[in-house]
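# Structural overview for review
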Amino acid sequence: MAISTLIGASIKRREDPELITGTGGFVDDLPQTGLVHMYVVRSTEPHARILGIDTARARQADGVLAVFTGKELASEFQSPLPVTVSFVPEKKYPPHYPIATDRVRYVGEPVAIVLAQSRAAAEDAAERLDIRYESLPPVVDMEKAIAPGAPVLHDELGSNLAYDVKRAGGDIEAAFRDADVRISQRIRQQRLIPVAVEPRGVVADYKPFANALTVWSSTQIPHFVKVWLAVILGIPESQVRVVAPDVGGGFGSKIRVYPEEVLAALASRKLGRRVKWIEDRSENMKATHHGRAQIWDVEVAARKDGTVLGVRATQYLDLGAYCSQFGTFQAIALLLIQGPYKLQAWDGRGIGVYTNKTPTDAYRGAGRPEATYIIERVMDLVAQATGVDPAAVRRKNFIRQEEQPFTSLMGLTYDSGDYSTTLDKALEMVSYQQLRKEQAEKRKQGKHVGIGLSTYLEICGLGPSVATTAAAGIGFWGMAVLNLHFTGKATLVIGSSPHGQGHETPFAQIVAETLGLPLEDIDVVHGDTAIGPMGMDTYGSRSASVDGTAVYLSAVKVREKARKIAAHLLEAAEEDVVYENGKAYVKGSPTKAVTIQEITGAAFQPHRLPAGMEGGLDETTFFNPPNFVWPFGAHIAVVEIDDETGRVQIQRYVAVDDCGTRLNPLIVDGQIHGGIAQGIGQALFEDGVYGEDGQLKTGTLVDYLIPTASDLPMFETESLVTPSPTNPLGVKGIGEAGTIASTAAVMNAVADALSPFGVKDIDMPASPQKLWHLMHKNGGSKR
Amino acid sequence: MRHRVAMTINGTQYEHEVEPRTLLVYYIREQAGLTGTHIGCDTSSCGACTVEMDGHSVKSCTVFAVQADGAQITTIEGLAVGSQLHPLQQAFWDEHGLQCGYCTPGMIMAAKQLLERNPKPTEQEIRLGIEGNLCRCTGYQNIVKAIETAARTMAAQAGKEVKAPAAVS
Amino acid sequence: MIPASFDYIAVKTVPEAVAELAKHGDESKLLAGGHSLIPLMKLRLSTPSFVVDIGRVKDLNYIRRTDGHIAFGALTTHHDIEFSDLVKEQLPLLASAASQIGDPQVRNRGTMGGAAAHADPSGDYPTCLLTLDAEFDVVGPNGRRVIKASDFFVGTFTSALQPDEVLTEIRVPAPPAGTRGTYLKFSRRSQDWAIVAVAAQATVKDRKFQEIRIGLTSMGGTPLRASAVEAALRGKSADADTIRKAAEKAAEGTDPPQDLNGSPDYRRHLATVLTRRALEQLTAGR
């Protein structure tokens, strides 16, 4: 590539002016007329048979247009909700329909819908439904769920076991045979609730005489929603349009085709009216999927010098009541445990379990934070057991630069990177040796300081079409259409569907840089399936490396065609024409140039084009990357724990990330900040807790604690750049890295602080009461 | 029973019949048609619905419209003067103080109150001043920076306004 | 979520409010700032048929010095108390507590009368008012009566207020000059309810506790006084050792709840730690 001026520039986001003035358009903000409001009546029972639903009183309530039970709607669905392969083709799963008919399996499962003239009227009427349940025993605990004699959620499966699979590489027996040190540890990944600040929402408008459906949805995946609404409701795909307007955060929670999207569309079809559903927060807490929810049993074989030889682990994954669309995606952790380290062997077992809880699916990182958490905890457990410093343990085990591209035990090919570089930088930033001395001093004074390292390696950029077929059942790619207008302005349609990331700005930067167009002349369009071909939408830190590359390649194609037209206009040979900064000229005669605007004008006048050339300047690219991209980095947390209250205070948080070329560092840093905060949320605050009765105990934002401004420190961020060889821009991904790294960094610091108490591992979140109990279970004495 | 309420929102008088249970946030969004004020929870936790009512920031999901009868309300739409952004809006843009933007209107309204009461807040005072507003995207880092930046801009502007008459006379 | 339908009655005077409450009995609820009631109504955990709004009653929003007391109109907001010079000087405990309730927006709307009447055992004001021996002016169909704080907080979310009574004023005895006070609140995040909080007010003279008041939040079904600590300190030397020993008694006679954020054991422990820290703070430099 030419030397960049725009790619890599911290340009403020073009998305912002509307959002900071309150003139943005989230689903609930869109001007709509003639709306009917839908209220979804949800199961209050975790596990029960529906004996009957009496809707008579509700139907008679003021302002009510219709009430439908699941039974009344069942015949309308031509397919259940989609379930993808997600790394576990072996799994057994039941068909999952958008609404329950005769049995409910989690609190929050839809059982009926009420349609009324106002939202208030719909809520009032919902209270008048008489639903009779016959309670069944709830299955809450994963291990009890797969024990003999447990009540079974899905009779047709015979048990609550969705799968029990092995994912292994190398000689694990040899690794344990050769080990000096063997460690066993149970490590939990608590259930998390994503809490995008905008809850979900849908407006559906079905036009009966055209058999055409338009849906506005707060989704990460408008293109997939379009396909599946067509399939489930039996409407030709060409007649379905899905729009993702401004979307208020997703973090994976808006990555699937949801029951309410189908129900609103169906209600619109039944009533011939435009139907709106907006999710309440307390509804969101149980109706939108959860994440993580895993137990890991880990065994480690290591040498006394800190070399980790092998890891054997079982991941129990709580799928909740149904297998969600990407419900087993978190099993990707079984392929990634190795991280940036040279293990001799990995022996993984994955067990998926159905329980009477909200289904789980992708949440920021989806399997990668878990894999990182396990291997990073392993590194610290080995350090603790061998007495080797945690930084030294990591160095000893790192894959070296000269071993790249490295093939992992699971057959994945890492793209590039010297993993010691980010660690060195982070250690330097915290003055590591000095810090360890201070820690020792403070320990003498009775203060509990902990230092936690997390040297992560991430896989992202979904992705190579063949490989993603194993992940999602279909091959992925990047897509961009660049269309130059008569006056030289440009419209860029992208296949990604941002929901806060800010794709418009860096993608415009790529085009501006490549074509020499002014930034403001490039309009970026996304999230509307009526415009442009199928896109693959946004998740898994894929957009910059895959769709961003498609943007770049489209711009290159436009540039090359422009050069051909310029050669014709300049009456020169094509190979003599230079294109730079939006102008084309014959080599050596820069003053006699034609501008891109002049070229575009010519492109729409066939008589000014070379013979045989098609008119117009628009190019579409489908980019199928040859590999994933593999960002990496080192994060260090320094914490102090108040031994009287158990409260953790994060004193410093240092992050050094290498995500390849940074298209717009302002945006990259923002992604890192937010990611770190979410990972800290898991480490210290968040916990989706169910009672033994199957009721969600943390069902509001009063009980489910997401971090506030006063709970977080300033993060110190630095970056290194190892361009990815996978794409011409050298871009990796950064949307999830912060979350992938930070949970382990903080928990390693907490465990380090408490190591004088004989503590090896702490279940997250590290709440004050939990730490206090750990510190004082021996009457406050340190071992 | 419906009640007639009248209030001034961003300098414009609005008057409607409402059910007493109508929350101020719904009145602002649905009757006045100002949809910049958002709803992010139902427990007064998230602050997305923050507006200014008679000079005080309030969570408009926890006020009935009938309680605001006769009030002066300012929402996010009332901050910019023509195309001139309020210093807080400008700073949120300049410092990348938002990502998805859903919490942003409420966050800016809370920050406005904070700076009115404390024009030169420390980092910790800023963090406590926005403790009633949840953001899931930014980790708050650039929000804190934006508020610091806005405080400087506003102090400089106030300085100019104070000095200006002296310079003229 | 939208509250269930109700009739709204805005009153201009306290007698009007009393008359409306008397008329509608249990079906009515009094609305002040609304920050206890409206969240419950939105979740439809409270569904009154009539809401009587006293928010526009004049002369219920004041902080003033009366003979020997600081008097608060029931509609005084947390914010006004947090920033009142009179309160900061005379009753720093209350200013400290007010500054830690909810968040700034909540403090702008929530009222002292509303918070007291709500009688939440994890609320901040009830503990402070109990600790300070406040008295409550209450107006009902039979006129005015005064309830002492020790009689006011009857049970969990239950005060001595009758359904047809309106709380109009809260009076707190003005302490002697040089009295210090503080409210130490321990919660997961600053906007959260207290896991445990300690209200403390001390008058120290000649390095002795002349007067000492300690109260506990979220240590039982009602706000509590740490009487054993008070007894162990009253008239005693304000030294570190005495304080530490006395603070150990903070959880005596309490029955703390169990919830996600704290076991009874943990709460008992926190009570002793926070009590000691509060006392250390109040005696620092004395």
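Parameters and conventions
Residues numbered from 1 in each chain as written. Chains lettered and ligands numbered in written order. Predicted model: local features only at pLDDT ≥ 70, side-chain atom pairs only at ≥ 80, totals over all residues. Heavy atoms only, no water. Helix = DSSP H or I, 4+ residues; strand = E, 2+ residues; numbered from the N terminus. Rg over C-alpha atoms; globule rule 2.2 N^0.38 Å. Buried < 20%, exposed > 50% of the residue type's maximum accessible area, 1.4 Å probe, protein only. Contact = heavy atoms within 4.5 Å. Lys, Arg positive; Asp, Glu negative; His and termini not counted. Charge placed at Lys NZ, Arg CZ, Asp CG, Glu CD. Polar contact = N/O pair within 3.5 Å; in protein donor to acceptor, adjacent residues only side chain to side chain. Buried area = accessible area lost by both parts, 1.4 Å probe. Salt bridge = Lys/Arg side-chain N within 4 Å of Asp/Glu carboxyl O. Pairing = 2+ DSSP bridges. Axes fitted to C-alpha atoms, helices over the stretch in contact; angles between N-to-C directions. Domains from an automatic or database assignment. Nonpolar A, V, L, I, M, F, W, Y, C, P; charged D, E, K, R; others polar. 1 Å grid on protein atoms, 1.4 Å probe; cavity = no way out; pocket = protein on both sides within 12 Å on 5 of 7 lines; lining within 4 Å. Points joined across faces, edges and corners; volume = space filled by probe spheres on them. Expected span 1.5 Å × (residues − 1).

The subject of this paragraph is the overall build of chain C. On a plain count of helices and strands, chain C comes out with 12 helices and 14 strands. Taking 2.2 N^0.38 as the reference for a compact globule, 286 residues should give roughly 19 Å; the C-alpha atoms of chain C span a radius of gyration of 19 Å, in line with that estimate. Dimensions of chain C, computed from the C-alpha atoms along their principal axes, are close to 60 × 45 × 30 Å. Evaluated residue by residue, chain C yields a buried proportion of 62% over its 286 residues. Within chain C, contacts between residues separated by at least 24 positions form 62% of all contacts whose residues are at least 6 apart in sequence. Taken together, the 35 basic and 34 acidic charged side chains of chain C have centroids lying 5 Å from each other.

Residue and element names in this part refer to chain A. Tracing the sequence through the fold places T55 in the loop between β2 (48-54) and α2 (56-59). Note on T55: relative accessible area 8%, which makes it buried. Among the polar contacts listed, one links the side chain of T55 to the side chain of R59, at a separation of 2.9 Å. Setting aside residues up to four positions removed in sequence, T55 forms contacts with V67, T69 and L129.

Contact residues are listed per partner, giving 51 residues for chain A and 47 residues for chain B. Buried area between chain A and chain B, both sides added, is near 4,200 Å², and the carbon and sulfur share of it is 58%. When the buried area of chain A at its contact with chain B is split by residue, I20, V197 and M714 of chain A rank highest and sum to 18% of it. At the boundary of chain A with chain B, the tally comes to 5 salt bridges. Among the salt bridges present, the one from D124 of chain A reaches R21 of chain B, with a minimum N-O distance of 2.6 Å. The tally of links between chain A and chain B comes to 23 residue pairs in polar contact (both at pLDDT 80 or more).

Moving on: the sheet that holds strand β18 (residues 490-494) of chain A. Residues and elements named next belong to chain A. Spatially, 4 strands are ordered β19-β18-β17-β23 in an open sheet, and the strand pairing comes out mixed. Edge strands, defined here as strands with exactly one partner in the open sheet, are β19 (522-525) and β23 (617-623). Taken over all neighbouring pairs, the strand axes of this sheet differ in orientation by 15 degrees on average, direction set aside. Pairing of strand β17 (residues 478-484) with β18 involves 5 bridges; the strand directions are antiparallel. Considered in β18, the bridge of N483 is made with T491.

It is worth spelling out the domain arrangement of chain B at this point. Residues and elements named next belong to chain B. What the domain assignment reports for chain B is domain 1 (3-78) and domain 2 (87-162). Its C-alpha centre places domain 1 at a distance of 22 Å from the equivalent point of domain 2. Taken together, the contact between domain 1 and domain 2 spans 18 residues of the former and 15 residues of the latter. Regarding the contact of domain 1 and domain 2, the summed buried area is about 1,200 Å², with carbon and sulfur atoms giving 52% of it. Among the residues domain 1 hides against domain 2, the three largest losses belong to H38, T50 and I76. Together they make up 38% of the total. Between the two partners, domain 1 and domain 2, sit 1 salt bridge. Measuring nitrogen to oxygen at the nearest pair gives 2.5 Å for the salt bridge that ties E52 to K112. Inspection of the region where domain 1 meets domain 2 yields 10 residue pairs in polar contact (both at pLDDT 80 or more). Taken together, the elements giving at least two residues each to the side of domain 1 that touches domain 2 come down to β3 (50-53) and β4 (56-59). Broken down by class, the residue content of the side of domain 1 that touches domain 2 amounts to 5 nonpolar, 11 polar and 2 charged.

Residue and element names in this part refer to chain A. A sheet is described by the order of its strands in space; here 4 strands give the open sequence β16-β24-β25-β26, paired in mixed fashion. What marks the edges here is a single partner per strand, and that holds for β16 (448-457) and β26 (716-720). Strand-to-strand twist across the sheet, computed as the mean angle between neighbouring axes with direction ignored, equals 15 degrees. Note that strand β25 (residues 648-658) and β26 share 5 bridges and pair parallel. If you follow D658 over to β26, its bridge partner there is L720. Along the sheet, helix α19 (residues 665-685) makes contact with β24 (632-641), β25 and β26, crossing β25 at roughly 140 degrees.

Quantified by volume, the second largest pocket comes out at close to 1,300 Å³. What lines the second largest pocket is a set of 50 residues, and nearest its centre among them are S710 and D711 of chain A, Q124 and L128 of chain B together with S190 of chain C. Here the lining of the second largest pocket is built from residues that sort into 19 nonpolar, 14 polar and 17 charged.

Inspection of the secondary structure assignment puts R109 of chain C in helix α6 (residues 104-109). D54 of chain B provides the closest opposite charge to the buried, unpaired R109 of chain C, separated from it by 6.8 Å. When residues no more than four places from it in sequence are discounted, the contact partners of R109 of chain C are M53, V58, V63 and Q67 of chain B together with G33, H35 and T77 of chain C.

For the rest of this paragraph, the subject is the pattern of salt bridges. One side chain can pair with another of opposite charge once the charged atoms of both are near each other. Counting across every chain of the model gives 89 salt bridges over all chains. K276 of chain A is the partner of D28 of chain A in a salt bridge, and the nearest nitrogen-oxygen pair spans 2.8 Å. With D28 of chain A in the loop between α1 (16-20) and β1 (35-42) and K276 of chain A in strand β12 (residues 274-278), this residue pair connects regions lying 248 residues apart in the sequence. By the burial criterion, D28 of chain A is buried, and K276 of chain A matches it. Within the structure, one salt-bridge network assembled from shared partners comprises R119, E123, D124, E127 and D280 of chain A, E19 and R21 of chain B together with R44 of chain C.

The next subject is the interface of chain C and chain B. The interface is formed by 32 residues belonging to chain C together with 34 residues belonging to chain B. Buried area between chain C and chain B, summed over both chains or domains, comes out near 2,800 Å², and the portion from carbon and sulfur atoms is 54%. On the surface where chain C and chain B come into contact, there are 2 salt bridges. Taking the shortest distance from any N to any O, the salt bridge between D103 of chain C and K59 of chain B comes out at 2.6 Å. Our count for the contact surface shared by chain C and chain B stands at 18 residue pairs in polar contact (both at pLDDT 80 or more). Within the residue set of the side of chain C that touches chain B, elements represented by two or more residues are β1 (7-10), α2 (37-42) and α6 of chain C. Partitioning the side of chain C that touches chain B into residue classes produces 13 nonpolar, 10 polar and 9 charged.

The next thing to look at is the domain arrangement of chain C. Residues and elements named next belong to chain C. Segmenting chain C into domains produces domain 1 (7-53), domain 2 (63-173) and domain 3 (182-283). Between domain 2 and domain 3, the C-alpha centre-to-centre distance is 20 Å. Each partner contributes to the interface: domain 2 provides 24 residues, whereas domain 3 provides 22 residues. The contact between domain 2 and domain 3 buries some 1,900 Å² in all, and 55% of this surface belongs to carbon and sulfur atoms. Across the domain 2-domain 3 interface, the total number found is 3 salt bridges. For R225, the salt bridge is made with D133, and the minimal N-O distance between the two is 3.3 Å. At the junction of domain 2 and domain 3, the tally comes to 15 residue pairs in polar contact (both at pLDDT 80 or more). Looking at the side of domain 2 that touches domain 3, the elements that each hand over two or more residues are α5 (92-98), α8 (124-131) and β8 (153-155). With 6 residues, α8 is the single largest residue contributor to the side of domain 2 that touches domain 3. Tallied by class, residues from the side of domain 2 that touches domain 3 come to 11 nonpolar, 9 polar and 4 charged.

On to helix α13 (residues 419-430) of chain A. Residues and elements named next belong to chain A. Taking 1.5 Å of rise per residue, the 12 residues of α13 would be expected to cover 16 Å, and the 18 Å separating its terminal C-alpha atoms lies within 8% of that figure. Where α13 is buried, its residues meet α12 (390-397), α14 (432-444), β16, β24, β25 and β26. The positive-phi residue at the C-terminal boundary of α13 is S431, with phi of around 50 degrees.

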